Amino acid sequence: MSAPLIDFDEVIANFDPVLGLEVHVELGTASKMFCGCATEFGADPNTQVCPTCLGLPGSLPVVNGTAVESAIRIGLALNCSIASWCRFARKNYFYPDMPKNFQTSQYDEPICYEGYLDVDVETDEGTRTFRVEIERAHMEEDTGKSLHVGGSTGRIHGADFSLVDYNRAGIPLIEIVTKPVEGAGKYAPEVAKAYVGALRELLRGLGVSDVKMEQGSLRCDVNLSLRASADAPLGTRTETKNVNSLRSVERAIRYEMQRQAALLTDGTAIIQETRHWHEDTGVTTSGRVKSDAEDYRYFPEPDLVPVAPSAEWIEQLRAQLPEPPAERSKRLREEWGISEKEMQSVINAGALDLVLATIAEGADPAASRKWWLGELARRANDEGVELESLAITAKQVADLEGLVQSGRLNDKLARQVIDGVLAGEGEPAAVADSRGLQIVSDDSALLEAIKAAIEADPDAAQKIRDGKVAAAGALVGSVMKATKGQADAARVRELVLQELGQ
Amino acid sequence: MSAISRDDVAHLASLARIELTEQELNDYAGQLDVILTAVASISEVAADDIPPTTHAVPVVNVFRDDVVTPSLDRDSVLDHAPAAEDGRFRVPRILDEE
Ligand SMILES: [Zn+2]
C-alpha cells in the first residue's frame, strides 16, 4: 500500500513545495443553516431532520441570521473584505449524502474575501512569521454521514450498501480557502500546522464553533504540489482529505512531499487527484481522480434572496471582535514570563484556553501549563484525542494543583489522582481519599522506614556519618520505595541527615 | 449554430444520472436548443445598465433567528424511504464508477 518515498532533506534540496489549505468549520449555532433542526452532535440518526434538510418537494430554505453574523465575524478576524452583496449558489451533484442533489453553497460571490492570517513558526534562525493569505471564506451547509456496510475492508470500495444519517446535513459550514502558500520551503509542514492551529484558536476565541477536530467540527483538506524551483511554474497538485488533527496536517504534508518527490525524481507525472490520509498508518492513498465529472453547474440559488450586510452592521461586528490571538498571545507571554517558543507549544497543543481556565480557577500559570502540556498532553496523545476532550476539567486540574501546593500530594501521587479522575472516580480530593493517596508526613512513620533503610545499607550510613552527604540519595530512594512514593522526598532527606548526625 | 449540442445533452444526462436513448438524446438536443435560443433573446434587450435579476421580489437579508424548531418523527420519515436499516436510509452501494 505504501508508496516509495525519498528523504525529506532530499525533497528540499530538489523541489519547492506550494501548499494550499481548505478548512471547513462547522458553526456552533443551535439550529441548521436553512431550517430549524437542531445541530447537536451524537444524536440518534435521522432525529434532527425536516422537509428542508431532507430536500423534500415544496420545502423552502430560510437563512440562519446567526450563521451569517458568524461568517462575517470570521472574515473580519481574518482581515478579509466583506461583500456588500452576495448570493448563495447551488452546487449540483448526485451523491446520497446530499438528499437535495445539490449543496447550497456560495460560488463566485463569497461573503468574505482577500484576508490573511500571520502565523509564527520556529525555524533554525529563530521564530519567523509567515503570512498565509486567505482567498475567501464562504457559507455553505454540511452533508449527511454515510456508513458503508459490507465488503471486506469497510471502506467504500467493496461496500454492498450504505446507511445514511442526515442529522449533519444542513449544519452551517464556513469554508476558508487560502491562496497558494509559497516560500515556506522546508517549513511547509510546520507552516500548515501553525496555520490550522492559529485558525482554530481564532475561531475558538470568536466563540463561533467548538472546533473539535476529532468530531469533525474543524476539517482540513491539504493541497500540495512540488516544482523544481521557486520561479518554475506550479506543479500538479493533489488534494488530501481526512486530515483531522493538527499533527496529521504536518505529517500528511511531509508524506505527500516525499511521495510526490519520489515520483517526480523517477520521471513519473503526478496525477491530479483526491487522496485520503490514514492517521493510523501515516500514509495517503489514492481516492477519486479529478475529472470532467466534477462539473458542478453552479447557479444562483433561486429560493434564497441575496445577503447584503450593511456597513453599519459590519462595523458593529468589527467593534465587538475579541482581542486578536497574536496580541493576546503576546500579552500572555509577558504576563507569564515565557518565551515565544513556549507559548507556541501551548497554542499548538490546543491548550491555551484550558490553561487560562485553570488559572482562572486559582492555579498559577506555570503549574497550569505544566499539567496540560505534560501529563495531560501525554494522556490525550495515548488516547488519540484532543486535550479538551479528556475527562478532566480546568477546575479539577486547579484543585489537583491545590492538593500539591498544600503538601497533601506530590507529583507522583497527583498522577495517580489524574488516573482516578479520568476513570470517572470523582473530584481530585475524593479520588485521593478513596485511593488512600497522601504524602506520609508523619515523621515517626518516616523514621521507622529510615531506620530500616540504615540497617539495610550500613555502608551508605557510614559514608554519611563521615560527611559524604551525597550518599543520602541511596537511603532516600529506599525509603521512598518502602513508602510507595507517598513520602515527601525532601523531608526524608532532612530526616536521614539528622538521624546520621549531619 | 445551435446553443446546445447532442454531446452536451449526453454529458448533462450522465452528470444527472439519467439514462437516455440515442433517439432521446437527439430529441432533447433539438428541444433544449429551442428553449435556450428563446431565453438568449433576453440578452439582446438587456442593456449594460440593467443588472441581472436575482429574484422576482427585490429584497435582501431575509434571515430567521437561530432557534430550534421540532424535527420530523423518524419513523414516519423512514417509512417513506425505499429502504431503511438501523434508523438510517439504506441506499445502494455508492461510487460504482470509481
Ligand atoms: Zn431540517
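Conventions and cut-offs
- Residues numbered from 1 in each chain as written.
- Chains lettered and ligands numbered in written order.
- Predicted model: local features only at pLDDT ≥ 70, side-chain atom pairs only at ≥ 80, totals over all residues.
- Heavy atoms only, no water.
- Helix = DSSP H or I, 4+ residues; strand = E, 2+ residues; numbered from the N terminus.
- Buried < 20%, exposed > 50% of the residue type's maximum accessible area, 1.4 Å probe, protein only.
- Contact = heavy atoms within 4.5 Å.
- Areas by Shrake-Rupley, 256 points an atom, 1.4 Å probe, with all protein chains shown as cover.
- Core = buried A, V, L, I, M, F, W, Y, C linked by side-chain atoms within 4.5 Å.
- Polar contact = N/O pair within 3.5 Å; in protein donor to acceptor, adjacent residues only side chain to side chain.
- Axes fitted to C-alpha atoms, helices over the stretch in contact; angles between N-to-C directions.
- Parallel < 35°, antiparallel > 145°, perpendicular 65-115°, else oblique.
- Nonpolar A, V, L, I, M, F, W, Y, C, P; charged D, E, K, R; others polar.
- Pairing = 2+ DSSP bridges.
- Buried area = accessible area lost by both parts, 1.4 Å probe.
- Salt bridge = Lys/Arg side-chain N within 4 Å of Asp/Glu carboxyl O.
- Donors = N, O, S within 2.8 Å, 3.2 Å for Na, K, Ca; no water.
- Tetrahedral: all angles 85-135°; square planar, octahedral: opposite > 155°, others 65-115°.
- Patch = residues over 30% accessible without salt bridge, like charges linked within 9 Å, V, L, I, M, F, W, Y side chains within 5 Å.

Draft legend 1. Highlighting the overall build of chain A. When helices and strands are counted, chain A shows 17 helices and 15 strands. Taken over the C-alpha atoms alone, chain A extends approximately 90 × 55 × 50 Å along its principal axes. Within chain A, the fraction of its 502 residues that count as buried is 52%. Residue pairs at least 24 apart in sequence account for 69% of intrachain contacts in chain A once pairs closer than 6 positions are excluded. On chain A, roughly 21600 Å² of surface is accessible, and the fraction owed to carbon and sulfur atoms is 49%.

Draft legend 2. The arrangement of the nonpolar core in detail. All names here are of chain A. Membership of the largest hydrophobic core comes to 74 residues, with the highest contact counts inside it found for Ile111, Ile176 and Tyr195. Broken down by element, this core gets its largest block of residues, 11 residues, from helix α3 (residues 188-206). Each residue touching Tyr195, except ones within four places of it in the same chain, is listed here: Leu21, Val23, Leu117, Val119, Val132, Ile134, Ile176 and Thr178. Core analysis: the next-biggest nonpolar cluster, separate from the first, contains 32 residues, Ala351, Leu387, Ala432 and Ile439 among them.

Draft legend 3. Looking closely at the side chain of Arg90(A). Residues and elements named next belong to chain A. Mapping Arg90 onto the fold places it in strand β4 (residues 89-92). Looking at Arg90, the relative accessible area reads 15%, which means it is buried. In this structure the side chain of Arg90 is engaged in a polar contact, spanning 3.0 Å, whose partner is the side chain of Glu301. Dropping the residues within four chain positions of it, Arg90 is found in contact with Phe102, Gln103, Tyr296, Arg297, Tyr298, Phe299, Glu301, Pro302 and Asp303.

Draft legend 4. Quick look at the packing of helix α14 (residues 443-456) of chain A against helix α15 (residues 458-465) of chain A. All names here are of chain A. Running from N to C, α14 and α15 cross one another at 100°; their axes reach a closest spacing of 5 Å. In terms of orientation, α14 lies roughly perpendicular with respect to α15. Counting all contacts with α14, which are made through Ile454, Glu455 and Ala456, the residues of α15 involved are Pro458, Ala461 and Arg465. Of the residues belonging to the contact of α14 with α15, the class tally is four nonpolar, no polar and two charged.

Draft legend 5. Structural context of the sheet that holds β4(A). All names here are of chain A. Spatially, three strands are ordered β5-β4-β15 in an open sheet, and the strand pairing comes out antiparallel. For this open sheet the edge positions go to β5 (102-105) and β15 (299-300), each flanked by a neighbour on one side alone. The pairing of β4 with β5 spans four bridges and is antiparallel. Pairing of Ala89 across the sheet is with Ser105, part of β5.

Draft legend 6. The arrangement of the interface of chain B and chain A in detail. Across the contact, 34 residues belong to chain B and 57 residues belong to chain A. Contact between chain B and chain A buries roughly 3800 Å² in total, counting both sides, with carbon and sulfur atoms accounting for 61%. Remark: the boundary between chain B and chain A carries zero salt bridges. Summed over the shared surface of chain B and chain A, the result is 18 residue pairs in polar contact (both at pLDDT 80 or more). Breaking the side of chain B that touches chain A down by element, the ones donating at least two residues are α1 (6-15), β1 (63-64), α3 (74-79) and β3 (88-92) of chain B. Here the element with the most residues in the side of chain B that touches chain A is β3(B); it accounts for five residues. Among the residues making up the side of chain B that touches chain A, the classes are represented as 17 nonpolar, seven polar and 10 charged. The sheet contact formed by strand β9 (residues 161-165) of chain A and β3(B) spans four bridges and is antiparallel.

Draft legend 7. Spatial organisation of the coordination of the zinc ion. Residues and elements named next belong to chain A. Coordination of the zinc ion by the protein is provided by Cys35 (SG), Cys37 (SG), Cys50 (SG) and Cys53 (SG), with metal-donor distances spanning 2.3 to 2.4 Å. Seen from the zinc ion, its four donor atoms lie at angles of 100 to 116°, and the figure they make is tetrahedral. Between the donor residues of the zinc ion, the gaps in sequence give the motif C-x1-C-x12-C-x2-C. Note that Cys37 is positioned in the loop between β1 (16-26) and β2 (63-64) and Cys50 in the loop between β1 and β2, a separation of 13 residues in sequence. With a relative accessible area of 1%, Cys37 lands in the buried category.

Draft legend 8. Structural view of a nonpolar patch on the surface. A contiguous nonpolar surface patch, about 630 Å² in accessible area, is contributed by Tyr28(B), Leu32(B), Ile35(B), Leu36(B), Val39(B), Ile42(B) and Val45(B). By secondary structure assignment, the location of Ile35(B) is in helix α2 (residues 22-45).

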